[in-house]
Protein chains: 2
Amino acid sequence: MSTEKNFHAAPSGVSQDPLYDPSIPTPSHAERAKTLAASRKSGALSTLAIDPAGHPYGSLVTTALFEGSPTFLISALAEHTRNLRQDPRASLLLAEATDDDPLALGRVTLLGRCEPLTEAPATCREAYLEAHPDARYYVDYGDFTFFRLTVESLRYIGGFGRMSWVSAKDWYAATPDPIAPFAGEITQHMNEDHKDAMASYCRAFSKARDFDEVVMTSVDRYGFEVSVRTKAGARPVRFAFSSPVDGPAAVRKEMVDLVRRARAALGE
Amino acid sequence: MSTEKNFHAAPSGVSQDPLYDPSIPTPSHAERAKTLAASRKSGALSTLAIDPAGHPYGSLVTTALFEGSPTFLISALAEHTRNLRQDPRASLLLAEATDDDPLALGRVTLLGRCEPLTEAPATCREAYLEAHPDARYYVDYGDFTFFRLTVESLRYIGGFGRMSWVSAKDWYAATPDPIAPFAGEITQHMNEDHKDAMASYCRAFSKARDFDEVVMTSVDRYGFEVSVRTKAGARPVRFAFSSPVDGPAAVRKEMVDLVRRARAALGE
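Residues numbered from 1 in each chain as written. Chains lettered and ligands numbered in written order. Predicted model: local features only at pLDDT ≥ 70, side-chain atom pairs only at ≥ 80, totals over all residues. Heavy atoms only, no water.

Let's shift gears to the pattern of salt bridges. Enumeration according to the criterion identifies 34 salt bridges over all chains in this entry. A salt bridge links A:R221 to A:E31; its shortest N-O distance comes to 4.0 Å. Remark: A:E31 occurs in helix 1 (residues 29–39) and A:R221 occurs in the loop between strand 9 (211–220) and strand 10 (223–230); sequence separation between them is 190 residues. In this pair, the class of A:R221 matches that of A:E31, namely buried. In this structure, B:D87 engages B:R89 in a salt bridge whose closest nitrogen and oxygen atoms are separated by 3.0 Å. (Salt bridge = Lys/Arg side-chain N within 4 Å of Asp/Glu carboxyl O. Helix = DSSP H or I, 4+ residues; strand = E, 2+ residues; numbered from the N terminus. Buried < 20%, exposed > 50% of the residue type's maximum accessible area, 1.4 Å probe, protein only.)

Turning our attention to the domain arrangement of chain A. Looking at the assigned domains, one finds that chain A contains domain 1 (29–173) and domain 2 (179–266). Between domain 1 of chain A and domain 2 of chain A, the C-alpha centre-to-centre distance is 34 Å. (Domains from an automatic or database assignment.)

Sheet faces and side chains relate simply in a regular strand, where the side chains alternate between the two faces. Residues and elements named next belong to chain A. Most of strand 10 sits out of view: six of its eight residues are buried. Two strands pair when backbone bridges link them, and strand 9 and strand 10 are joined in this way by eight bridges, in the antiparallel orientation. The partner of M216 across the bridge, within strand 10, is V226. Between strand 9 and strand 10, which pair antiparallel one after the other, the connecting turn spans two residues. Pairing of strand 10 with strand 11 (residues 233–240) involves eight bridges; the strand directions are antiparallel. Looking at strand 11, one finds that F224 is bridged to F239. Once strand 10 ends, the chain turns through two residues before running back antiparallel as strand 11. (Pairing = 2+ DSSP bridges.)

Residues and elements named next belong to chain A. Between the first and last C-alpha of helix 7 (residues 248–266) there are 27 Å, a value that for 19 residues agrees with the 27 Å anticipated at 1.5 Å per step. Along helix 7, the residues that are buried comprise V251, E254, M255, L258, V259 and A262. Relative to the axis of helix 7, the buried residues are bounded by an arc of 135 degrees and lie together on one face. Facing away from the buried surface of helix 7 by more than 90 degrees, the exposed residues are A249, R252, K253, R260 and A264. If you follow the buried residues of helix 7, they end up packed against helix 5 (183–193), helix 6 (195–205), strand 9, strand 10 and strand 11. Taken from the residues just after helix 7, G267 is the one with a positive phi, measuring 65 degrees. (Expected span 1.5 Å × (residues − 1). Arc of directions from axis to C-beta. Contact = heavy atoms within 4.5 Å.)

This is how it looks when you write it as structure tokens:
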């Protein structure tokens, strides 16, 4: 985890004091990248073409993470496979599902060497087939081979103004956020049923005062964020959990504790 | 346009005689690729990294076609821009929107040189801003520049078993299919309201006889395809228009003429 000073840079370059304590922990870029990668089943593989020699070549691949490395089940007939046999240097771009503004979304480019696993461990095969059940129809064809991208570095972009290079060491040490698969449901539930509680959090534990709406925008293992609508526009506020959570039940407990403490602090 | 012998290869390798005249014209791979590219607003750009030098680097870009070349409005601060300033070799991967089986979808890799347009023509700027209205907020920032990918060759993959390399000449000569923006509506309408007409087409103008359902699967400027459910499984049947069509009204006229001729041929 990390703290981010310019977590939400004002797009116009106007500096505004944050409405919350910027030392509140946030997921590190390695953790955000790993979480994103764990959620994606396809991406764009960049390799070096044989003809024209050394020309960057992008292709669509399906993928699954195994022990932190992207794996692929690819055909000897495919261009990218021929390219990798000639030169293993590659990168894999994984992006959040596209909507109207793709540049606002998270994406990660994993750089490294992508080499065949002559004897793919059964656990690798299982991880891949769990993500791609249809691949069982061709996994045993002679021309399909598992390849693994050993990550040497990566570029993470979390949207406008949140980006960095991340080391292989930090990538392999990071784990996907255990809350990510439930984040959509949790934010929807909070926004539908608990706006009052979130307003109390803001009044008790942030500098947000003069706001007429509060909306939860994200939740992760370390805490959650809301957007408050003030006269100066929408402003983010982040809250920390008392300790990292491991699932939705723990999030619920944190939310209930927080509203109790907020209401006590506010004398409500 | 072209004719494709192995248009629908049997996935198991079993050879089956087609139920229709395989000389019926179909869109060429250049046309299919151009149609796909014209429909996409973002893709994966592959460039050569500065550090590690020459390493293939994939990044997300928004794009618009201008005079047949993909254009980009990119920041001097971005990795891909720095890469292109050092070495203009690049490729752009554009893929149909993802669903459960991305490998079944069409995609194209355009290879070429991607260079800055020091003075982007007003028409280029307009084409880009029409596709990306939000870019008007930063189009005049000093660090944003238009780049253009001049296509030198491309790899088209239309799904399993339909793929080829296409020349730059064929790419620049091809035009996007004028029916593509309406294809979803047309197939939905035919499948909801005109199954009887499509069954007549099949009985009159194909070898399909013993089928219990017919579903339109695609339509393009040269004709359309249906899938008939036979005892041997789903089989494709293609029909030609009398001449290439330029819009939905012309498709409608072709469909009405075809059902009249089919019913006359069948003595209905």
